[in-house]
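Below are the chains, spelled out letter by letter.
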Amino acid sequence: MKKIYIETYGCQMNEYDTEIVKAILKKENYHFAATPEEADVLFLNTCSVRENAHQKVQQRISVLKQLKRNNKKMVLGVLGCMAQNLKKDLLEKNVGVDLVAGPDSYKKLPAMLQHVSEENAKEFSLTLSEYETYSDIFPEHTPGVNAWIAVMRGCDNFCTFCVVPYTRGRERSRAPQSVVEEAKKLAAQGFKQITLLGQNVNSYRYESADFADLINLVSEVDGIERIRFTSPHPKDFPEKLLQVVAENPKACAHIHLPLQAGSDRILDLMSRTYTQKEFINLALRMRETIPGLALTTDVIVGFPTETEEEFQQTLDVLRTVEFDAAFMFKYSERQHTIASRKFPDDVSEEEKTSRIVRLVDLQQAISLKRNRKHIGETFEVMVEGKGKKSNQLLGRTDGNKVTVFPDNGAKDGALVTVKIKDVTSGTLIGEAV
Ligand code: SF4
């Protein structure tokens, strides 16, 4: 009976993939180790979105391969986007790494592991598939209130800074019925909330069903009380989806809408296929259509050739739209991306740092201002567990806002009505009423 230990880096899609890998190996009688030291097989499910993600994994590989001194039969494998991006280099440059598998190769893992253990061979599988959606695998979901469901895989958008189209391949969607079946099983396991995942959920298509239809189908599953999704692309956000979020009581009033940059010239170099004006109009239309909508975004500073004036345009969009929160990053050149081939990474690290500091300062002030409007309001908060303070519970509003309140004995997954007494830029503080 072999034991496996998986460390997951990066996005929710990777967390979901780890749950798929666990389900595939559990069927082969693998069990899960609580620590790397106890494991016979160690997997790192990796991210390739920024350079520091690569460095983190390289450091971890050098630590973990020490464990092989105590367990000569231990297998060390690298999965995910970094595996797909660096391919055989990972094997050749890292003595101690026995196996490399990309995001579409996980069904081959049992055979690959057998070959590594029996033949003491190195194994790699890096073929991207146009069809694989793992819809025949019920993932080993991590216990909690929320469960991820990947409804599609891959991305055809080729934003010039992004490595995902090269590491996750072409877009393909799962049959709505397979998503509904998974949601039913999750409800039976006690999950109350589902987050539907896709690199660009607007592109979800299966025969005549689009993403708005899928949300409505999943919302018919008894026991599931909240449905979230990430990420849509601003280029093709359909009115129909907006109406579903506005009208379907289970669809949460939170939309994550990645802006990336505020200048039209930079948006064009990024191949984002929308202009600043189009983005702002869409964001304001969303706020108009969905009362109490929480809007969040992603922003990159220091994209090649971005000037100070163009960075100022990013700040202008933040001031105009007033996002509730944002994920903010310095541009990190990624191997194999279009930008790495076409544009010199010419904005200095100092300048990138100066811009990210100013961006974060502005966004925190905006988040605080938006949260202050909630003081005195009451929200339905879905409990996720204990807060930092022992006598506190933590949960999220429909708008995905983290909320803490004194522990009133409510269980995980319960909906508690909370009156907001105070706020920070990142948290609502209240009392159960
Ligand atoms: S939409 Fe663009 S940024 Fe998002 S995963 Fe696809 S290529 Fe990357």
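What counts, and at which threshold
- Residues numbered from 1 in each chain as written.
- Predicted model: local features only at pLDDT ≥ 70, side-chain atom pairs only at ≥ 80, totals over all residues.
- Heavy atoms only, no water.
- Core = buried A, V, L, I, M, F, W, Y, C linked by side-chain atoms within 4.5 Å.
- Buried < 20%, exposed > 50% of the residue type's maximum accessible area, 1.4 Å probe, protein only.
- Helix = DSSP H or I, 4+ residues; strand = E, 2+ residues; numbered from the N terminus.
- Contact = heavy atoms within 4.5 Å.
- Near = heavy atom within 4 Å.
- Nonpolar A, V, L, I, M, F, W, Y, C, P; charged D, E, K, R; others polar.
- Domains from an automatic or database assignment.
- Buried area = accessible area lost by both parts, 1.4 Å probe.
- Salt bridge = Lys/Arg side-chain N within 4 Å of Asp/Glu carboxyl O.
- Phe/Tyr/Trp six-rings, centres within 6.5 Å; stacked < 30°, edge-to-face > 60°.
- Expected span 1.5 Å × (residues − 1).
- Pairing = 2+ DSSP bridges.
- Right-handed = clockwise from strand over helix to strand, strands pointing away.

*Asks:* How should the nonpolar core be read in this particular structure?
*Replies:* Soluble globular proteins tend to pack their nonpolar side chains together in the buried interior. Core analysis: the largest hydrophobic core is formed by 96 residues, its most contacted members being Phe43, Leu109, Leu196, Phe211, Phe229 and Ile255. Considering every element that reaches this core, the biggest residue donor is helix H1 (residues 12–26), with seven residues. Once you skip the residues sitting within four places of it in the chain, leucine 196 turns out to touch Ile149, Val151, Val179, Val201, Phe211, Ile215, Ile227, Arg228, Phe229 and Thr230. Counting residues in each nonpolar core, the second largest holds 23 residues, with Leu67, Leu76, Leu90 and Val100 among its members.

*Asks:* Honestly, the site of the ligand in this entry has me stumped. Any pointers?
*Replies:* By nearness alone, every residue bordering the ligand is listed as Cys155, Asn157, Phe158, Cys159, Phe161, Cys162, Val164, Pro165, Gln199, His233 and Arg272. By residue class, the composition of the shell around the ligand is seven nonpolar, three polar and one charged.

*Asks:* Looking at this model, I keep getting lost on the side chain of threonine 230. Mind explaining?
*Replies:* Tracing the backbone through its elements, the reader meets threonine 230 in strand S13 (residues 226–230). Not counting residues within four places of it along the chain, the set of residues in contact with threonine 230 comprises Gln12, Thr195, Leu196, Leu197, Gly198, Val201 and His256.

*Asks:* Looking at this structure, how should I read the domain arrangement of the chain?
*Replies:* Often, the extent of an interface is quoted as the loss of accessible area on bringing the components together. Segmenting the chain into domains produces domain 1 (3–125), domain 2 (141–251), domain 3 (253–373) and domain 4 (378–432). Taken together, the contacts link six residues of domain 2 with 13 residues of domain 4. Around 730 Å² of area is buried between domain 2 and domain 4 when both sides are counted, 51% of it from carbon and sulfur atoms. Among the residues domain 2 hides against domain 4, the three largest losses belong to Val145, Arg226 and Arg228. Together they make up 70% of the total. Seen at the junction of domain 2 and domain 4, the total is zero salt bridges.

*Asks:* What's the story with the packing of aromatic side chains in this structure? I'm lost.
*Replies:* In this description, an aromatic ring pair is defined by two values, namely the gap between the centres and the angle between the planes. By the definition in use, this model includes eight aromatic pairs. Relative to tyrosine 134, the ring of tyrosine 106 has its centre 6.1 Å away and its plane inclined at 20°; by these criteria the two rings are stacked. Here tyrosine 134 lies in the loop between strand S6 (123–125) and strand S7 (146–150) and tyrosine 106 lies in the loop between strand S5 (99–101) and helix H5 (109–119), a separation of 28 residues in the sequence. Its relative accessible area of 0% is what places tyrosine 106 among the buried residues. Residue class for tyrosine 134 comes out buried when judged on its relative accessible area of 1%. Following the ring pairs from residue to residue traces out a cluster consisting of Tyr204, Phe211 and Phe229.

*Asks:* Explain helix H11 (residues 276–289) here, please?
*Replies:* Since there are 3.6 residues in each turn of an α-helix, residues three or four apart along the chain are aligned in direction. Helix length check: H11 (14 residues) gives 20 Å between terminal C-alpha atoms against 20 Å at 1.5 Å per residue, within 8%. Considered for burial, the residues of H11 that qualify are Phe279, Ile280, Leu282, Ala283, Met286, Arg287 and Thr289. Here the buried face of H11 lies against helix H9 (239–247), strand S14 (254–256), strand S15 (294–301), helix H12 (308–321) and helix H14 (349–372).

*Asks:* It is not clear to me how the pairing of strand S16 (residues 325–330) should be interpreted in this structure. Could you clarify?
*Replies:* For a regular strand, side-chain orientation follows a simple rule: the groups alternate between the two sheet faces. As paired strands, S15 and S16 are joined by six bridges and run parallel to one another. In the strand pairing of S16, aspartate 298 is matched with phenylalanine 327. Remark: the S15/H12/S16 crossover connection has right-handed handedness.

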